Amino acid sequence: MTSATLDHYVLISALLFAIGFFGVLLRRNTLVVFMCLELMLVASTLALVAFSRFNGTMDGNVFVFFILTVAAAEVAVGLAIIVALFRKRQTIQLNELNSLKN
Amino acid sequence: MANFLFYAFALFTLATAAGVVASKNAVNAAMCLLLSLVGVAGLFVALNAYLLAFLLLLVYAGAIVALFLFIVMLLDMKETESRGFGKLSLAAIILAAGLLVTGLSTFATRGRLPVGDPALTPALGPDIKLYAYQLFTTYLLPVQVMGFLLLIAMLGVIVLSKRWEGSDDVK
């Protein structure tokens, strides 16, 4: 086992991003797609923290603060939209939600 | 020991993230997301970002996953998720997979990221003063913008979830 370097962390973060990306592509349930979006955001924060640690700067760590805030706001609004959509259409399956009108 | 923890947390994170994508039930997916976030928090600890690990657990695991579970149970949807893809989306998926594999393999074989000398780079440590100093000097304007963003998000959620008079909601 070699010591964990920046490459290791960025590779883990890229793999996590890839898993979230394929979740967005493959799943039809809007809620699960949304969870996979969150996974992608977390993967990007992992890369930021790793870069920050291995370059001895604070900027990446502080940026993660803002990402957390935006993610919280995004989840609140997104889930409200999903609930409103469900009230209107009685479904949240993506392949049944294919028209913008009615 | 630290290396063992890194590999353990990394494997745990990736396995549970795969669980989010693979699980049929949305509640199971939310639980896997929770475990995956715990793994990422462990990696943050390995990177000496203790405060961020704590915040990640607090904000994501405490608030966001709880909100997801609440909505999953509120909507109580059918378990049927239809399978099969159209030609176009199948092509898009294959293209995306190809690009991703190419990118990751290029990165793994010839990636050389710019790193300071690890012996010279001091661990920043858990000093909360560093965060506070950055947030209230360099990033003061973004902090205020974040405040407005949260306010707007809150108002938007209230508007979205209010039942308007004369709306044709299906009861």
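A.B. asks: Could you clarify how one ought to interpret the overall build of chain B in this entry?
C.D. replies: In terms of regular secondary structure, chain B is built from six helices and zero strands. Starting at the N terminus and walking to the C terminus, you meet the elements of chain B as α-α-α-α-α-α. When each of the 171 residues of chain B is scored for burial, the buried share is 32%. Accessible surface, chain B as shown: approximately 10,700 Å² in total, 74% of it carbon and sulfur.

A.B. asks: Got a minute to help me understand the environment of B:Ala61 in this structure?
C.D. replies: Residue and element names in this part refer to chain B. One can find Ala61 in helix H3 (residues 50–75). Each C-alpha atom, one on Ala61 and one on Ser36, is 9.7 Å from the other, the two residues being 25 residues apart in sequence. Once residues within four sequence positions are removed from consideration, Ala61 is found in contact with Leu34, Leu37, Leu56 and Ala66.

A.B. asks: It is not clear to me how the interface of chain A and chain B should be interpreted in this structure. Could you clarify?
C.D. replies: Quite often, the size of an interface is put as the accessible area lost when its parts meet. Chain A puts 73 residues into the contact, and the matching count from chain B is 81 residues. Summed over both sides, the interface of chain A with chain B buries roughly 7,100 Å², with 76% coming from carbon and sulfur. In this assembly, chain A and chain B are joined by zero salt bridges. Taken together, the links from chain A to chain B amount to four residue pairs in polar contact (both at pLDDT 80 or more). Looking at the side of chain A that touches chain B, the elements with two or more residues in it are helix H1 (6–26), helix H2 (30–55) and helix H3 (59–89) of chain A. Per element, the largest residue contribution to the side of chain A that touches chain B is 24 residues, and it comes from H3(A).

A.B. asks: In this structure, what is going on with the side chain of A:Ser52? I would like to understand it.
C.D. replies: All names here are of chain A. By secondary structure assignment, the location of Ser52 is in helix H2. We classify Ser52 as buried; its relative accessible area is 1%. Among the polar contacts listed, one links the side chain of Ser52 to the backbone oxygen of Thr57, at a separation of 2.7 Å. Among the polar contacts listed, one links the side chain of Ser52 to the backbone nitrogen of Asn61, at a separation of 3.3 Å.

A.B. asks: What am I meant to see in the packing of aromatic side chains here?
C.D. replies: In this description, an aromatic ring pair is defined by two values, namely the gap between the centres and the angle between the planes. Tallying each qualifying case throughout the model produces seven aromatic pairs over all chains. Taken together, a centroid distance of 4.6 Å and an interplanar angle of 65 degrees make the contact between A:Tyr9 and B:Phe6 edge-to-face. Linking A:Tyr9 in helix H1 with B:Phe6 in helix H1 (residues 2–22), this pair reaches from one chain into another. Neither residue differs from the other here; A:Tyr9 and B:Phe6 are each classed as buried. Both rings, one in A:Phe66 and one in B:Tyr139, keep their centres 6.0 Å apart while their planes meet at 50 degrees; by these two values the pair is tilted.

What counts as what
Residues numbered from 1 in each chain as written. Chains lettered and ligands numbered in written order. Predicted model: local features only at pLDDT ≥ 70, side-chain atom pairs only at ≥ 80, totals over all residues. Heavy atoms only, no water. Helix = DSSP H or I, 4+ residues; strand = E, 2+ residues; numbered from the N terminus. Buried < 20%, exposed > 50% of the residue type's maximum accessible area, 1.4 Å probe, protein only. Areas by Shrake-Rupley, 256 points an atom, 1.4 Å probe, with all protein chains shown as cover. Contact = heavy atoms within 4.5 Å. Buried area = accessible area lost by both parts, 1.4 Å probe. Salt bridge = Lys/Arg side-chain N within 4 Å of Asp/Glu carboxyl O. Polar contact = N/O pair within 3.5 Å; in protein donor to acceptor, adjacent residues only side chain to side chain. Phe/Tyr/Trp six-rings, centres within 6.5 Å; stacked < 30°, edge-to-face > 60°.

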